[in-house]
Structures are given as structure tokens and as C-alpha cells.
Amino acid sequence: MFQKDDDPVRLAVDLVNTWDELEADPELLPDAASLRRFLGRHGFGSLVRAGAGEVAEIRSVRDSLRTAFTARTEDEAVRALNAVLRKSAATPQFVREGEEWEIEWTGRLPDAIGSATAISLLEAIRSDGWDRFGICAGAPCCCVFVDRSKNRSRRFCSDLCADRVAQALHRQRRR
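Residues numbered from 1 in each chain as written. Predicted model: local features only at pLDDT ≥ 70, side-chain atom pairs only at ≥ 80, totals over all residues. Heavy atoms only, no water.

Undergrad: Tell me what's going on with the packing of aromatic side chains, and back it up with residues and numbers.
TA: Note on aromatic pairs: each is described by the distance of the centres and the angle between the planes. Within the structure shown, the criterion is met by one aromatic pair. Judged by centre distance (4.7 Å) and plane angle (25°), the ring pair of F69 and F133 falls under stacked. Here the residue F69 occupies a position in helix 3 (residues 52-70), and F133 occupies one in strand 4 (residues 133-135), the gap between them amounting to 64 residues. The same class applies to F69 and to F133, which are both buried. (Phe/Tyr/Trp six-rings, centres within 6.5 Å; stacked < 30°, edge-to-face > 60°. Helix = DSSP H or I, 4+ residues; strand = E, 2+ residues; numbered from the N terminus. Buried < 20%, exposed > 50% of the residue type's maximum accessible area, 1.4 Å probe, protein only.)

And the structure:
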């Protein structure tokens, strides 16, 4: 069983960003141990036993989720995320967490992760709009983000990329 993260959009974004062009080896999920560490950072470490066979399937989910960020239109992004849901065999169940109801996805790990992340991104599109989805402007970085700023001005995936670009521009002006 795979329960919703405190921030399921963050889980989806972090999963897509497990392919990082700025790293010497861009694949940040090379094996089952790295997948278990990734899931542990999102609060699922003790609950999930990821095996080697599931790594490739979760990478495939990652690639499908990235399509929502690289789509040319909102409709294309929604179709890509709906395809992830159609492919998944996970089933949502409501469970009580204290006083709150939470969604828990039952099924194989890749299906549960695919459903949880696709639903969270679809909800983000529904509530805030697809124009909040972005790809880092700090080339060659290709990490993604969901802009939650009030003025919709986010351009970078992280402060690190923003600082890297600002320093490069500063050095360029000084020349």
C-alpha cells in the first residue's frame, strides 16, 4: 500500500527530477537501493520494499510524467497524465489518518506511484492551471517544477540553478 505524501506534487516533481542533466551520470535511480532511498525521503522507506524489476517500471512512469511538463498544450499534458492512470492497476482507497481522510493506493509499487503522482499533477492543473508547470531556465538543467509563487514568476527548479545563472550573468557583465 502506498499512501499519499504530505505534498504529492513534490513527490511527482522529485520523481521526474531523478533524471538530472547536471550530474555526471544523469540517472539518479540506477538501482533498487536508490529507489528505496528516494521513497524514504518521501516518508515511505519503512513501508516499501522496492525490487530491481520495479526500477525500470518506475523510470517509465517518470518519463511519462515528464511528458506533462514538456507538452505543448494543457490538453496534451492532461492526455499524458490520463494515460499513466489508464496504464495503472492501482486502486484508490480512503483511510483515516487521525481526523483526516487520506487516499491510499493499493497495488504494485510502480502502479501506485504512477497513480499517486499522475493524480497529484492533474489536481495541480485543475486547481492552478498547467501554465504553472515549468522546466528550469538554467540550461543545461532540465529539471521540472510547479510554480506556486503568487506572481507566477518562477523560472528555475532550485535556488542552486538560479544562483548559477545569476553568477554567470554577473561574470558576463563584468567582462
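Undergrad: Explain the packing of helix 3 against helix 5 (residues 109-128) to me, and be specific about the residues and the numbers.
TA: When two helices pack together, their arrangement is given by the angle between the helix axes and by the axis-to-axis distance. Close contact between helix 3 and helix 5 brings their axes to 9 Å; oriented N to C, the two are set at 15°. Relative to helix 5, the element helix 3 is oriented roughly parallel. Seen from above, helix 3 lies across helix 5 with right-handed handedness. In this structure, helix 3 contributes E54, E57, I58, V61, L65 and F69 to the contact, and helix 5 contributes L109, P110, I113, G114, T117, A118 and L121. Among the residues making up the contact of helix 3 with helix 5, the classes are represented as nine nonpolar, two polar and two charged. (Axes fitted to C-alpha atoms, helices over the stretch in contact; angles between N-to-C directions. Parallel < 35°, antiparallel > 145°, perpendicular 65-115°, else oblique. Left-handed = near helix turned anticlockwise from the far one by under 90°. Contact = heavy atoms within 4.5 Å. Nonpolar A, V, L, I, M, F, W, Y, C, P; charged D, E, K, R; others polar.)

Undergrad: Pulling in residues and values, what's your account of the pattern of salt bridges?
TA: For the coordinates displayed, the defined rule picks out 10 salt bridges. With its nearest N and O atoms 3.0 Å apart, the salt bridge here joins D7 to R148. Note that D7 is positioned in the loop between strand 1 (2-3) and helix 1 (8-16) and R148 in the loop between strand 5 (144-146) and helix 6 (159-174), a separation of 141 residues in sequence. A relative accessible area of 25% places D7 in the partly exposed class. Linked through salt bridges whose partners overlap, the residues forming this network are E27, R59, R62 and D63. (Salt bridge = Lys/Arg side-chain N within 4 Å of Asp/Glu carboxyl O.)

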